[in-house]
Amino acid sequence: MRPLPKARWWGGATLGAAFLMANSSIGPGFLTQTTVFTQQLLTSFGFVILLSVLLDIGAQLNTWRILTVSELRAQDLANKLLPGLGYFLAAMVILGGFAFNIGNIAGCGLGLNVLTGLSYEQGALISCAVALLLFWVQEVGKMLDGFTKILGTVKILLTLGIAVSAHPPLLQALHHTVLPTQISAAAIVTIVGGTVGGYITFSGAHRLLDAGIKGPGSQPQVTRSALSGIVISTVMRSVLFLAIVGVLVQGAVLDKDNPAASVFRAAAGEVGFRVFGVILWSAAISSVVGAAYTSVSFFKTFHPVFARHERVCISVFIVLSTSVFVLVGKPAQLLVFAGAVNGLILPIALAIVLIAATSRRLMGPYRHPRWMLAAGWLVVLVMGGLSVPVLVEQIAGLLR
């Protein structure tokens, strides 16, 4: 058996894949979505975060393990399960990734608007140029690993500082995280979809496959990487929630056009407002990079020309996302809608992967743990039952 690449923790692809997934799940969509729903649920939003983490575990551990054991990307595994199914899965994930990337570009526009006063459209165009430059100046995998680690760390540390300034009601938040006073299906679907739905589910696993970390013998590395990604994103989710709820319980009124920015301004004045700009732009640009890379990974195996010209495909994806945002606008609404779209994709994509995991033809002598299969199917049932009505409601709201 071919030896596995040597594991290098901070400098290697194992942690790079964890940060890629975590950065994708705590992008600008999550900042906006968390603010919008915390306004509605206050400390009970902690329950939504807790549920999203549990569903995250059920989706991510299954997906990363099954794909790396099979040594196949999701679309190739699906095509081997049923010819043509991989193309269907790829179309869904790319569509969801494209919707999400429009939201990510919107987040870039919002972030630079806060920092410089530029219009959303100007900020989006500048950020598009930055993202393209990142992909063309260095080898794609190494750039992703280093870039996502740095920006992920910056986001967490800056948000932690704002959370401390906001003085959140910790005991009440902890109590309502376990025993909420109100529950919102829309919040659950949107947050789970925004943090683990669509392309996000596969981002880390596809990065590991590209780095050569695959096969049954790689599972300790794969599990460590997946759990690290979940922990990183959970810390950021919790810190951001505490910052928002701390501001809201003090009576702050948030700007409906850029609600998350209002939180940081209320917590730390103009300094906090500028810090928010840094956090939002960091979240957005890292998510632009992650969404483009993972979405392209879903079709680059369909023909050698796509693999040879991966950077060109990624560049076209980013430019098209930017163009749609500049023409459509509505940044905050797009970020919430993108989460709902990916919430619907999650149960379909995960169900395909779980079915493939039971095929001896595809998995060989490997037997996927039953408890992981049960956890995965629970995620499929919960998200499948909640997603459709919420997505219909979101589409109606976007069109109004």
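Residues numbered from 1 in each chain as written. Predicted model: local features only at pLDDT ≥ 70, side-chain atom pairs only at ≥ 80, totals over all residues. Heavy atoms only, no water.

- In the annotation of an unreviewed UniProt entry, the protein is listed under the name Divalent metal cation transporter and assigned to Hymenobacter mellowenesis.
- Word for word, the UniProt comment on the protein under Subcellular location (unreviewed entry) is "Membrane". (UniProt positions renumbered as here; feature names shortened; annotations may be inferred.)

1. Some thoughts on the packing of helix α3 (residues 45–70) against helix α11 (residues 219–248)
Moving on, step 1. Put simply, α3 and α11 touch, their axes get as near as 10 Å, and they point 160° apart. Overall, the two elements α3 and α11 adopt an arrangement that is roughly antiparallel. Crossing of α3 against α11: the hand is right-handed. (Axes fitted to C-alpha atoms, helices over the stretch in contact; angles between N-to-C directions. Helix = DSSP H or I, 4+ residues; strand = E, 2+ residues; numbered from the N terminus. Parallel < 35°, antiparallel > 145°, perpendicular 65-115°, else oblique. Left-handed = near helix turned anticlockwise from the far one by under 90°.)

2. Let's talk about the pattern of salt bridges
Moving on, step 1. Per the stated rule, a full pass over the model turns up six salt bridges.
Moving on, step 2. D56 serves as the salt-bridge partner of R237, at 2.7 Å between the closest nitrogen and oxygen. A residue pair is termed long-range when its members are at least 10 positions apart, and R237 in helix α11 and D56 in helix α3 qualify at 181 residues.
Moving on, step 3. Assessed through its relative accessible area of 0%, D56 is described here as buried.
Moving on, step 4. A salt bridge links K300 to E310; the nearest nitrogen and oxygen atoms lie 3.2 Å apart. Here the residue K300 occupies a position in the loop between α12 (259–297) and α13 (304–308), and E310 occupies one in helix α14 (residues 310–328), the gap between them amounting to 10 residues. Judged on exposure class, the residue K300 and its partner E310 are both buried.
Moving on, step 5. Each of R73, D210, K300 and E310 takes part in salt bridges that share partners, so that together they form one network. (Salt bridge = Lys/Arg side-chain N within 4 Å of Asp/Glu carboxyl O. Buried < 20%, exposed > 50% of the residue type's maximum accessible area, 1.4 Å probe, protein only.)

3. Concerning the packing of aromatic side chains
What characterises a pair of aromatic rings is the spacing of the ring centres plus the angle enclosed by the ring planes.
Moving on, step 1. Overall, the coordinates contain seven aromatic pairs when judged by the stated rule.
Moving on, step 2. A centroid spacing of 5.9 Å and a plane angle of 85° characterise the contact between F100 and Y199, whose relative ring orientation is edge-to-face. Placement of the pair is F100 in helix α5 (residues 85–116) and Y199 in the loop between α9 (185–196) and α10 (200–210), with a sequence separation of 99 residues.
Moving on, step 3. Under the relative-accessibility criterion, F100 is labelled buried at 2%. (Phe/Tyr/Trp six-rings, centres within 6.5 Å; stacked < 30°, edge-to-face > 60°.)

4. Concerning α10
Moving on, step 1. Burial runs high along α10: 10 of the 11 residues are buried.
Moving on, step 2. Within α10, the full set of buried residues consists of I200, T201, F202, S203, G204, A205, H206, R207, L208 and L209.
Moving on, step 3. Where α10 ends, the next residue or the one after it, G212, has phi of about 85°, a positive value.

5. Examining the nonpolar core
Moving on, step 1. Grouped together as the largest cluster of nonpolar side chains are 100 residues, with contacts concentrated most on F45, W64, L89, F202 and L346.
Moving on, step 2. Among the elements that make up this core, the one with the highest residue count is α11 (14 residues).
Moving on, step 3. Here F45 is in contact with T34, F37, T38, I191 and F241, once residues within four sequence places are set aside.
Moving on, step 4. Counting 26 residues, the second largest nonpolar core, distinct from the first, contains L20, C108, C128 and L151. (Core = buried A, V, L, I, M, F, W, Y, C linked by side-chain atoms within 4.5 Å. Contact = heavy atoms within 4.5 Å.)

6. Some remarks on a nonpolar patch on the surface
Moving on, step 1. Together, L115, I150, V154 and V278 make up an exposed nonpolar region whose accessible area comes to about 280 Å².
Moving on, step 2. Mapping V154 onto the fold places it in helix α7 (residues 140–166). (Patch = residues over 30% accessible without salt bridge, like charges linked within 9 Å, V, L, I, M, F, W, Y side chains within 5 Å. Areas by Shrake-Rupley, 256 points an atom, 1.4 Å probe, with all protein chains shown as cover.)

7. Regarding unusual backbone geometry
Moving on, step 1. Backbone geometry at E71 places phi at a positive 65°, although glycine is not the residue there.
Moving on, step 2. Turning to its location among the elements, E71 is positioned in the loop between α3 and α4 (74–81).
Moving on, step 3. The phi angle at H167 is positive, at roughly 50°, despite the residue not being glycine.
Moving on, step 4. Mapped onto the fold, H167 is located in the loop between α7 and α8 (170–178).
Moving on, step 5. The exposed category is assigned to H167, whose relative accessible area is 60%.

8. Details of the packing of α5 against α14
Moving on, step 1. At their nearest, the axes of α5 and α14 sit 8 Å apart, and the two run at 60° to each other. Here α5 lies oblique to α14, going by the angle between them. Crossing of α5 over α14 shows right-handed handedness. Across the interface between the two elements, I94, G97, F98, N101, I102, I105 and A106 from α5 touch F317, I318, L320, S321, T322, V324 and F325 from α14.
Moving on, step 2. A breakdown of the residues in the contact of α5 with α14 according to their chemical character gives 10 nonpolar, four polar and no charged. (Nonpolar A, V, L, I, M, F, W, Y, C, P; charged D, E, K, R; others polar.)

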